[in-house]
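Residue-level listing of the chains:
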Amino acid sequence: MGGIITKIKLNGFLKNITDNEITNFKTNAIKEKNKYKFIIENEKYILSIINSHKIVLNRNTSEIESTMYFEENKKTPSLYILKENNITLEIDILTKKIEINDNNIKILYTRI
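Residues numbered from 1 in each chain as written. Predicted model: local features only at pLDDT ≥ 70, side-chain atom pairs only at ≥ 80, totals over all residues. Heavy atoms only, no water.

J.: Explain the nonpolar core to me, using residue names and the numbers behind them.
T.: Of all hydrophobic cores here, the largest spans 22 residues; its most connected members are Leu10, Phe38, Leu47, Ile55 and Phe70. Listing elements by their share of this core, those giving two or more residues are β1 (5–16), β2 (21–32), β3 (35–40), β4 (43–51), β5 (54–60), β6 (64–71), β8 (87–101) and β9 (104–111). Contact partners of phenylalanine 38, with chain neighbours within four places excluded, come to Leu10, Phe25, Thr27, Asn28, Ala29, Glu43, Lys44, Tyr45 and Leu47. (Core = buried A, V, L, I, M, F, W, Y, C linked by side-chain atoms within 4.5 Å. Buried < 20%, exposed > 50% of the residue type's maximum accessible area, 1.4 Å probe, protein only. Helix = DSSP H or I, 4+ residues; strand = E, 2+ residues; numbered from the N terminus. Contact = heavy atoms within 4.5 Å.)

Written as structure tokens, this is what we have:
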């Protein structure tokens, strides 16, 4: 049987320390267990909380599909697919910090 599905307000940000780029989001999300589905500016996201130190973020747009693996204090590969040319790129990231409190999520990372 599936888990309970609820609609929540989700607040958070991603900070790419390499480019000093911050992506803030405040949106409605569908939550099922530790998975959040939401849309920001026509981009579809699925955020999966594996545990308090490990998160997977999938993003799907008309141009790109990406899967970012965040694991606190670890280097992990992230995959980017450029849809127009069907090109796959692997970019390593180092996650500096993950904070999860109620419906707030903060991720600080750098590209390597």
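Right, picking up where we left off after that structure.
J.: Which residues make up the side chain of serine 48, and what are the values?
T.: Looking at where serine 48 falls in the secondary structure, it is placed in strand β4. Not counting residues up to four positions away in its chain, the partners in contact with serine 48 are Asn34, Lys35, Lys54, Ile55 and Val56.

J.: I'd like to hear about unusual backbone geometry, residue by residue, with values.
T.: Across residues other than glycine, the phi torsion is negative in most instances, and most of the peptide bonds are trans. Unlike most non-glycine residues, lysine 33 shows phi in positive territory, near 55 degrees. Tracing the sequence through the fold places lysine 33 in the loop between β2 and β3. Take lysine 33: its relative accessible area is 59%, and that puts it in the exposed class.

J.: Which residues make up the pairing of β5, and what are the values?
T.: Note that β4 and β5 share seven bridges and pair antiparallel. Directly across from isoleucine 46, in β5, lies its bridge partner asparagine 58. The turn linking β4 back onto β5 is made up of two residues. Across seven bridges, the pairing between β5 and β6 is antiparallel. Across the sheet, lysine 54 pairs through a bridge with glutamate 71, a residue of β6. Here β5 hands over to β6 after three residues, the two strands then running antiparallel side by side. (Pairing = 2+ DSSP bridges.)

J.: Outline the environment of serine 66, listing residues and values.
T.: You can see serine 66 is positioned in strand β6. For serine 66, a relative accessible area of 3% corresponds to the buried category. Expressed as a C-alpha distance, the spacing of serine 66 and leucine 89, which sit 23 residues apart in the sequence, is 9.3 Å. Look past the residues within four positions of serine 66 in its chain and what remains in contact with it is Leu57, Asn58, Arg59, Leu79 and Tyr80.

J.: So what's going on with the pairing of β8? Residues and values would help.
T.: With eight bridges joining them, strand β7 (residues 75–82) and β8 adopt antiparallel strand pairing. Residue threonine 76 lies in a different strand from β8, and its bridge partner there is isoleucine 93. The antiparallel pairing of β7 with β8 creates a hairpin that spans four residues between the two strands, and asparagine 86 there sits at a positive phi of about 55 degrees. Taken together, the eight bridges between β8 and β9 define a ladder with antiparallel strand orientation. Residue leucine 94 lies in a different strand from β9, and its bridge partner there is threonine 110.

J.: So what's going on with the pattern of salt bridges? Which residues, and what values?
T.: In total, this model carries four salt bridges according to the counting rule given. When the shortest N-O distance is used, the salt bridge between glutamate 43 and arginine 59 registers 3.6 Å. One end of the pair, glutamate 43, is in strand β4; the other, arginine 59, is in strand β5, with 16 residues separating them in the sequence. Among the residues examined, arginine 59 registers a relative accessible area of 24% and is labelled partly exposed. (Salt bridge = Lys/Arg side-chain N within 4 Å of Asp/Glu carboxyl O.)

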